[in-house]
Each structure stands twice: as C-alpha cells, then as structure tokens.
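Structure at a glance
Below, each chain spelled out in residue letters.
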Amino acid sequence: ANNVQTGPQQKSKLKNSFTWFHVRFFRTRSAKIGWVLILSILVLVLVGPFFEPYPPTATVAAHDSPPSLAHPFGTDYLGHDLLSQVIYGAYPSLLVGLVAALGATLFGFVVGVLGGYYKRLEPVLSASTDAILSIPALPLLILIGIIFVVTDQLIIGGLMLVLWAPAARAVRSQVPSVKKLPYVD
C-alpha cells in the first residue's frame, strides 16, 4: 500500500528537499539495500585503489588458491590477487557504463523531441527507432566485438547504438501532449 499522502498535508510535511528525497528513495527495504550497494561500489571505485593489497598484475600467491584472509577473493590461475583485479577494473567499467548511458539518453532525448515536435521528421526518426529496436542488442554487441578491436570508445559507441531507441520512443510519446500546453510556442 502507498503510505504517502497527497494534497496540502503532504506539501507541509515535505518542506525541505532532504525529506522529499528520503521519502522517495528510502521508502522500501529493497530501495535501502540498493542504495547501500550503489554507495559501496562507488566507495570501492573511488577509495579502493589507495587500499589495494597488491598490484593487480603481480603474482602474489599460489595458483588458484581459495579465498583466505590474505586474499579475500582468492587468486586466479596465474597467482594474481582477484580482489586487486576487481578494484583495478571497477573504475573503467563504471566509467564506460555511465558515459554510454548518459550519451544514449541524451541522443534518445534529442531524437524523441525532434520526432515529436517536427511532423516532417517523425516518420524517418520513428522508422530508425523501430529499426534499432528490432535488432537484438547482445548479439549485435558480440558481433561488433568480434569484427573490431575492442576499446572503451567502441564499447561506449556500441552501447549507445542499442540504448538510445527506447529513450527516444518514450520521449516521442510525451512531446505531443507537452506541445499543446499554453507556455510552449
């Protein structure tokens, strides 16, 4: 059940932005657990390199050793500490994901607004959106990875290629109703 009240009573209770944020994003237990996980990952990415127990490529122990106090994630088949490798690889992975998501959202927003506002562009932009949505994303990304040398820029471009279309469709569906509002010329 939804325990949030509406109307003037709610406005008086939600005077400052912290209270509003808390009500919106910490209402359920699963939301609280999700925020703890996200913040833990961010702390790991930002602070982790300063506390890496070993260099990520240094052979530090026996091969394929199980988790222990010295190596909390164990070691791989070459004797590299897996915790150090996770910490070392987290930053570029999150950076690629964040840049790809922001780029795809921005591009999808622009395509959606143009398609919804300008009726002459709508058929072309809708057709391109439908074409991108009809291509399965994972096989396309695997194919791109097989054909080209994989770099961070290629991964970002490939993710943006398959992620912009849902955002464009969502924005496009809202533009006609917003366009009819009195403050839009």
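Details of the structure are given in the entry above.
All values reported here derive from a predicted model rather than from experimental measurement.

Here we take up the side chain of Ser84. Along the chain, Ser84 turns up in helix H4 (residues 82–117). What makes Ser84 buried here is its relative accessible area of 0%. Residue contacts for Ser84: discarding those within four places in its chain leaves Glu52, Pro53, Tyr54, Pro55 and Pro56.

Our focus in this paragraph is the packing of helix H6 (residues 137–147) against helix H7 (residues 152–179). At their nearest, the axes of H6 and H7 sit 10 Å apart, and the two run at 155 degrees to each other. Taken together, H6 and H7 sit at an angle that is classed as roughly antiparallel. The crossing of H6 and H7 is right-handed. When H6 is examined against H7, the residues Ala137, Leu140, Leu141 and Ile144 are found in contact with a partner set consisting of Leu154, Gly158, Leu159, Leu161 and Val162. Each residue belonging to the contact of H6 with H7 can be placed in one class, and the counts come to 8 nonpolar, 1 polar and no charged.

It is characteristic of soluble globular proteins that their nonpolar side chains tend to be buried jointly. Counting residues in hydrophobic clusters, the biggest one holds 7 residues: Ala104, Val111, Leu125, Ile132, Trp164, Ala165 and Ala168. The biggest single contributor to this core is H7, with 3 residues.

A word on the packing of aromatic side chains. For the structure on display, the rule yields 2 aromatic pairs. Ring geometry for Phe107 and Trp164: centres 5.2 Å apart, planes at 85 degrees, overall edge-to-face. Pair noted here: Phe107 is in helix H4 and Trp164 is in helix H7, with a separation of 57 residues, a long-range link. Given the relative accessible area of 43%, Phe107 is considered partly exposed. By relative accessible area, which is 8% here, Trp164 ends up buried. Centre to centre, the rings of Tyr117 and Tyr118 are 5.2 Å apart; their planes meet at 85 degrees, and the pair counts as edge-to-face.

Because an α-helix completes one turn every 3.6 residues, residues spaced three or four positions apart along the sequence face the same direction. Compared with the 18 Å implied by 1.5 Å per residue over 13 residues, the 18 Å span of helix H5 (residues 122–134) between its first and last C-alpha is a close match. Restricting attention to buried positions, one finds in H5 the residues Leu125, Thr129 and Ile132. The arc enclosing the buried residues of H5, seen along the axis, measures out at 65 degrees, which places them on a common side. Exposed and oriented more than 90 degrees from the buried face of H5 are Val124 and Ser134. Elements that come into contact with the buried residues of H5 comprise H4 and H7.

In this section: the pattern of salt bridges. According to the stated counting rule, one finds 2 salt bridges in the structure shown. Linking Glu122 and Arg172 is a salt bridge whose minimum nitrogen-to-oxygen distance equals 3.4 Å. Remark: Arg172 occurs in helix H7 and Glu122 occurs in helix H5; sequence separation between them is 50 residues. Across the pair Arg169 and Asp130 runs a salt bridge, and its minimum N-O distance is 2.1 Å. Pair noted here: Arg169 is in helix H7 and Asp130 is in helix H5, with a separation of 39 residues, a long-range link. Owing to a relative accessible area of 44%, Arg169 belongs among the partly exposed residues under this scheme. Asp130 sits in the partly exposed class, given a relative accessible area of 37%.

Thresholds applied
- Residues numbered from 1 in each chain as written.
- Predicted model: local features only at pLDDT ≥ 70, side-chain atom pairs only at ≥ 80, totals over all residues.
- Heavy atoms only, no water.
- Helix = DSSP H or I, 4+ residues; strand = E, 2+ residues; numbered from the N terminus.
- Buried < 20%, exposed > 50% of the residue type's maximum accessible area, 1.4 Å probe, protein only.
- Contact = heavy atoms within 4.5 Å.
- Axes fitted to C-alpha atoms, helices over the stretch in contact; angles between N-to-C directions.
- Parallel < 35°, antiparallel > 145°, perpendicular 65-115°, else oblique.
- Left-handed = near helix turned anticlockwise from the far one by under 90°.
- Nonpolar A, V, L, I, M, F, W, Y, C, P; charged D, E, K, R; others polar.
- Core = buried A, V, L, I, M, F, W, Y, C linked by side-chain atoms within 4.5 Å.
- Phe/Tyr/Trp six-rings, centres within 6.5 Å; stacked < 30°, edge-to-face > 60°.
- Expected span 1.5 Å × (residues − 1).
- Arc of directions from axis to C-beta.
- Salt bridge = Lys/Arg side-chain N within 4 Å of Asp/Glu carboxyl O.

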